[in-house]
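Okay, here's what each chain looks like letter by letter:
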Amino acid sequence: MSVGTGDRRGLSADEARELSTRILRSTSADEARVSLTSGWRGNTRYAVNRITTAGEFERVQASITVRFGKRQATITTNRLDADAITEAVASVQAQARLTPEDPEAMPELGPQRYADSAGYHDSTANLGPEARSEIAADGIQTAIEAGGIDVAGFLDVSAGSGSVANNAGLFAYHASTSATYSITARTADGTGSGWSGFGERDWAATDSGSAHAQAVETALRSREPRTLEPGSYPVVMAPEAVSDLVSRLAFSMDARRADEGRSAFSAEGGGTKLGERIVDERVRLWSDPQGLGSAPYTGDGLPIEPMMWVDDGILSNLSYSRFWAKKQGKQPTGGPGSLRMAGTEKSLEDLISETQRGVFVTRLWYIRSTDPRTISYTGLTRDGTFWIEDGQIQYPVNNFRWNDSPLFVLSALEDMSRPFRVRTSREVPAIRVGEFNFTSVSEAV
Amino acid sequence: MTMKRRDFVASTALAAGGLILAPKLARPAGGLMTRYSLAPPVDPATKELLLSAVDAAMSSGAQFVDARVELVRTQSVSTRELQITGVSETSTQGVGVRVFFDGSWGFAATQELSKEPVARAAQSATAMARANAKIGRGNIHLAPVDGYGDVTWTSDFEIDPWDVSVEDKAAQFLALNEIAVAAENVSFVSSGVQSVKIDKTLATSEGTVAAQRLVRLSPFMTITAVSSDRSDFQTRGSVVEPAGSGYEYVNANMTSANVERWAAEASAKLSAASVESGKYDLVLHPSHLWLTIHESIGHPTELDRALGYEANYAGTSFLSPPEAVLGSLRYGPDFMNVEAERTSSGGLVTIGWDDEGVPADRWMLIDKGIFVDYQTTREQVDWISDITGITHSHGCAYADGWSSIPFQRMPNINLMPGEEDLTEDDIVSGVDDGIFVEGRGSYSIDQQRYNFQFGGQVFWEIKGGKKTRMLRDVGYQARTTDFWNSLAAIGGPSTYFVGGTFRDGKGQPGQINAVSHGCPVSLFQNISVLNTGG
């Protein structure tokens, strides 16, 4: 099977519909759903100022869910010839029949209407091995010209489509591309390190040259850090760091866990904190699949519209699955993906220039939960930590381990910049907060 | 190092001649693709397909080629409380071809198991390697390895996880859940088992065709207790380690008695005393310590990492440059010995031949407390052989599927037990003011592997040589070599226990490795403990 016959990579809508129909026709289950994923992925990787590996592959994969009454099972396979489909369907049907009834099984949705979500860009889909190696070569050249710098970087691009179809007549299709790029520059003396990176759907909207320059500049500037004692400091966080904290807040928004009393958003004595102020009143956080070119539907084909999670600092929604929404008399919401956080008109430089004293954090690393009751995490700073005083970055300081929660951080919010596209499907501002809790020094560079 | 096609064919034929082959016949073509049966021993149709890829790349100028067919099957059965939540199976199959040219690698993969697409992948991988070699060409050589002809290997297992029906698996876990939710304050339990079966056949341009089967299992259960006024909730999870074993492992570990204990622990955590921050002696149970070993010994001893090849993602290592640390850096006390191996039965990353045709190895990383060697693949041997005198690869090449490029991944890494067979009680009895830690909890370490923080699942106060009351909210922070040099006692062989993970991430694009770590109960003195309770 070839992956896409048209101009675009991955199955076209017609091809996806045809293959889905073929699979659905081969089932004898009461209900069946087919999700297809298809397309191309290519990458180029470099380190120690040379390209180390590159790779590409294409694929088509089908996930088939069948249901007899409330007994259901799913099989995923990339063997899609007629015999293989027959075999996969027979296997998943046999498994479904052996599976106990799932009291939470929801019936398949009928035909739905979906908002447009333009996520496919030829500029990304055309990034073949040679184009990718030229981008890597430019990063390496930037390091060589600066002198005394080793760079490592990674460009990962994909182009393809996804679809959901069921035997109740639903068909959802979305084509998209993604480009993720990052570069780390390290000084030869081992005391300086800088990072820059981004995610985008449209490669033409990116500037890898700026990323190269920024990583190298940060590396040079972060050499020979001074010692700063651990403690609670005002902090300016670059968007990459903000993204890592805010996404963890968003992914704690499951309504069922809150209702069950095992979430930071469970209210003591019963119920949830819906409608309560949870962070600073300037914080607005929402999912925007259409705005970020993501699929405008969930895994079972439910259309998803922009969904506000935190509005003016108030917990305005929790994430409801179809089952839990029905049980609680709510509307299903989809998950908290394709996140956006509102910002201001300011630049990152404005945030720094308006800071009396504090620590600048480029990015966070190895973030792990320490207490889900407060969404508390531990992690480290990395690749460019600086002391700010009198509105200017003064000198590099050591990295830190930190222990804190996005709830506490966003409650101590002082200011925000304009939002930046940090991931293919995430946009957040840089922030300045009154305090961030550094618990020990990390001598890592 | 490089081999011409003629030599390759000759060595394969020669080696194969000495082995008994019992090939399964390829099934007749159905639909668009020919299907290949991938069970060991070496399947002739698979071998032919792989050799055609090797041939295609070598004739396009490659200096080394490995081609690998993989069929990866995973099955997941999951439950919550008294109901099923999911039964799913994934089966993915394809061929990956990796090509080495003038110090650079190219890789391409296809899910179409027929000669033309596989040849295209081989040519495409060669073109990529050539394009990359033009930019900052590296002085990279592959350590020599023998061609082993047709060889086979399989994980040790008694019961194939696929021979236990999903009905029986679901019934087993639902019965265990019933026991869990009967405990006081236990409101929720999620449980189930993930099974993995990988059939892979590798052909190298040096004359090895290795058909191997890996079976891995990860039974899981997380029990949540909620206080009656809903002011608090606590969980007990990470109850059983994943293993490279058959379903007999699940039956042996997911027992009623164990579930009763785990549920009681979840419940007891609600009323456990919150720890006071300070310095404590820590007695670490192997169900906890394996992860500390993984993070603070496993990752820093990856040679690619130490030399900057992972700088853009996982980071580098404090064990660098090699000439400054090999044979001289004191990791811990004289009785600290750490081995690496891909040979132990039940080990998650145990194998016959690695993904570039190197036979499984066993070697020391830390000998009598001194750091002596890294983890290596063939291209890495040359980087340190002047110092170590070792001229062969330790066999750490691994790819997590047909569409992934092989690179250096962690072998099983184990802290060896003490010669004297000290028991857990012997060790606890020597502690005046300490904490006993069991189970994998939160874990975080910096990008050069100096500063770490670990939590756990269950904590017991130790006073006057005895475990007294349960504690909670315990996290400890330390610097790697300070921590290991505070190692004061290790248990004997009777306390040795193997833990591990299904999901160790490394590389870009990210790949997942499953890896085991064995260790005895161990005592660390004077470690900083903080209270991690919200």
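Remember, predicted model here, so these are calculated numbers, not experimental data. (Residues numbered from 1 in each chain as written. Chains lettered and ligands numbered in written order. Predicted model: local features only at pLDDT ≥ 70, side-chain atom pairs only at ≥ 80, totals over all residues.)

## Quick look at the overall build of chain B
For chain B, the count of helices and strands is twelve helices and 25 strands. What you see for chain B is a C-alpha radius of gyration of 25 Å, in line with the 24 Å of a compact globule of 534 residues. Its C-alpha atoms put chain B at 70 × 55 × 40 Å along the principal axes. Going through the 534 residues of chain B one by one, you find that 60% of them count as buried. (Helix = DSSP H or I, 4+ residues; strand = E, 2+ residues; numbered from the N terminus. Rg over C-alpha atoms; globule rule 2.2 N^0.38 Å. Buried ≥ 20, exposed ≤ 12 C-beta atoms within 10 Å, placed from the backbone.)

## Focus on the overall build of chain A
Of regular secondary structure, chain A possesses ten helices and 17 strands. Computed over its C-alpha atoms, the radius of gyration of chain A comes to 24 Å, within 12% of the 22 Å expected for a compact globule of 445 residues. Projected onto the principal axes, the alpha-carbon positions of chain A cover approximately 70 × 60 × 35 Å. Nonlocal contacts in chain A, meaning residues at least 24 apart in sequence, comprise 73% of its contacts between residues at least 6 apart. (Contact = placed C-beta atoms within 7 Å.)

## With respect to the interface of chain A and chain B
Contacts between chain A and chain B engage 77 residues on the former and 69 residues on the latter. With ten residues, strand β2 (residues 50-68) of chain A is the largest single contributor of residues to the side of chain A that touches chain B. Classifying every residue of the side of chain A that touches chain B by side-chain character gives 25 nonpolar, 30 polar and 22 charged. With three bridges joining them, β2 of chain A and strand β3 (residues 104-110) of chain B adopt parallel strand pairing. Residue pairing in the sheet places Glu 56 of chain A in a bridge with Ala 108 of chain B of β3 of chain B. (Nonpolar A, V, L, I, M, F, W, Y, C, P; charged D, E, K, R; others polar. Pairing = 2+ DSSP bridges.)

## Examining the sheet that holds strand β12 (residues 370-371) of chain B
Residues and elements named next belong to chain B. Ordered by their spatial adjacency, four strands build an open sheet running β12-β11-β10-β15, and the pairing between neighbours is antiparallel. Where the open sheet ends on each side, the last strands, each with one partner, are β12 and β15 (412-415). Pairing analysis gives two bridges linking strand β11 (residues 362-367) to β12, with the strands arranged antiparallel. Bridged to Asp 367 within β12 is Ile 370. Packing against the sheet, helix α7 (residues 286-298) makes contact with β10 (338-341), β11 and β15, and its axis sits at approximately 105° to β15. (Axes fitted to C-alpha atoms, helices over the stretch in contact; angles between N-to-C directions.)

## So, the nonpolar core
All names here are of chain B. Of all hydrophobic cores here, the largest spans 259 residues; its most connected members are Ala 53, Ala 57, Val 97 and Ile 435. Ranked by residues supplied to this core, first place goes to helix α3 (residues 115-133) with nine residues. Look past the residues within four positions of Val 97 in its chain and what remains in contact with it is Ala 53, Ala 57, Val 65, Ala 67, Ala 108, Ala 121, Ala 122 and Ala 125. (Core = buried A, V, L, I, M, F, W, Y, C linked by C-beta atoms within 7 Å.)

## Section: the pairing of β15 of chain B
One face of the sheet, then the other: side chains in a regular strand alternate in exactly this way. Residues and elements named next belong to chain B. Along β15, one buried face is formed by Asn 412 and Asn 414 and the opposite face, lined by Ile 413 and Leu 415, is buried too. With four bridges connecting them, β10 and β15 associate as antiparallel partners. Considered in β15, the bridge of Ala 340 is made with Ile 413.

## Notes on the packing of helix α4 (residues 129-146) of chain A against helix α5 (residues 208-221) of chain A
Residue and element names in this part refer to chain A. Running from N to C, α4 and α5 cross one another at 30°; their axes reach a closest spacing of 10 Å. Crossing angle aside, the handedness with which α4 passes α5 is right-handed. Where α4 abuts α5, its residues Ile 135, Asp 138, Gly 139, Thr 142, Ala 143 and Ala 146 lie against Ser 208, Gly 209, His 212, Ala 213, Val 216 and Leu 220. Residue classes in the contact of α4 with α5 are distributed as six nonpolar, five polar and one charged. (Left-handed = near helix turned anticlockwise from the far one by under 90°.)

## What about the packing of α4 of chain A against α3 of chain B?
The relative placement of two packed helices comes down to the angle between their axes together with the axis-to-axis distance. Relative to each other, α4 of chain A and α3 of chain B sit at 25°, their axes nearing to 10 Å. Considered as vectors, α4 of chain A and α3 of chain B are oriented roughly parallel to each other. Relative to α3 of chain B, α4 of chain A is oriented so that their crossing is right-handed. Residues Pro 129, Glu 130 and Ser 133 of chain A of α4 of chain A form the contact with α3 of chain B, whose participating residues are Ala 127, Met 128, Ala 131 and Asn 132 of chain B. Here the contact of α4 of chain A with α3 of chain B is composed, by residue class, of four nonpolar, two polar and one charged. (Parallel < 35°, antiparallel > 145°, perpendicular 65-115°, else oblique.)

## Observations concerning the environment of Leu 80 of chain A
All names here are of chain A. As for its placement among the helices and strands, Leu 80 is situated in the loop between β3 (71-77) and α2 (82-98). According to the C-beta neighbour criterion, Leu 80 is buried, with 21 such atoms within 10 Å. Note: C-alpha distance between Leu 80 and Ser 38 (42 residues apart in sequence) is 12 Å.

## Regarding helix α2 (residues 44-59) of chain B
Residue and element names in this part refer to chain B. End to end, α2 covers 22 Å across 16 residues, agreeing with the expected 22 Å (1.5 Å per residue, within 8%). The complete set of buried residues in α2 reads Thr 46, Lys 47, Leu 49, Leu 50, Ala 53, Val 54, Asp 55, Ala 56, Ala 57 and Met 58. Of the residues flanking the end of α2, it is Gly 61, one or two places downstream, whose phi is positive at about 105°. (Expected span 1.5 Å × (residues − 1).)

## As for the environment of Tyr 313 of chain B
All names here are of chain B. Checked against the element boundaries, Tyr 313 lands in the loop between α8 (303-306) and α9 (322-325). A count of 21 C-beta atoms within 10 Å places Tyr 313 in the buried class. Once the C-alpha coordinates of Tyr 313 and Gly 510 are considered, the two residues, 197 residues apart in sequence, prove to be 9.2 Å apart. Excluding residues within four positions of it along the chain, Tyr 313 makes contact with Gly 507 and Gln 508.

## Re the pairing of strand β7 (residues 233-236) of chain B
Residue and element names in this part refer to chain B. Pairing of strand β6 (residues 208-226) with β7, which is carried by four bridges, proceeds in the antiparallel orientation. Across the sheet, Thr 224 pairs through a bridge with Thr 235, a residue of β7. Taken together, β6 and the strand that follows it, β7, pair antiparallel across an intervening segment of six residues, in which Arg 230 is found at a positive phi of about 60°.

## Focus on the environment of Ile 512 of chain B
All names here are of chain B. Take Ile 512: it is sitting in strand β24 (residues 511-519). Its 15 C-beta neighbours within 10 Å are what place Ile 512 among the partly exposed residues. Distance from Ile 512 to Gly 401, taken between C-alpha atoms, is 9.3 Å for residues 111 residues apart in sequence. Those residues in contact with Ile 512 that sit more than four places away from it in its chain are Asp 400, Arg 503, Asp 504 and Gly 505.

## Observations regarding unusual backbone geometry
Residue and element names in this part refer to chain B. In the segment running from Ser 320 into Pro 321, the intervening peptide bond is cis, with an omega of -5°. With an omega dihedral of 0°, the bond running from Gln 508 to Pro 509 counts as a cis peptide bond. Located in the positive-phi region is Arg 230, a residue other than glycine, with phi close to 60°. Residue position: Arg 230 is located in the loop between β6 and β7.

## Some remarks on the confidence of the model for chain B
All names here are of chain B. Taken over all residues, the pLDDT of chain B has a mean of 92, while the share at 70 or more is 92%. Overall, residues 1-39 carries pLDDT values under 50, and its contacts beyond four positions in sequence, including any with other chains, amount to 78 contacts. Scored as a complex, the prediction yields pTM 0.94 and ipTM 0.96. (pLDDT = per-residue confidence, 0-100.)

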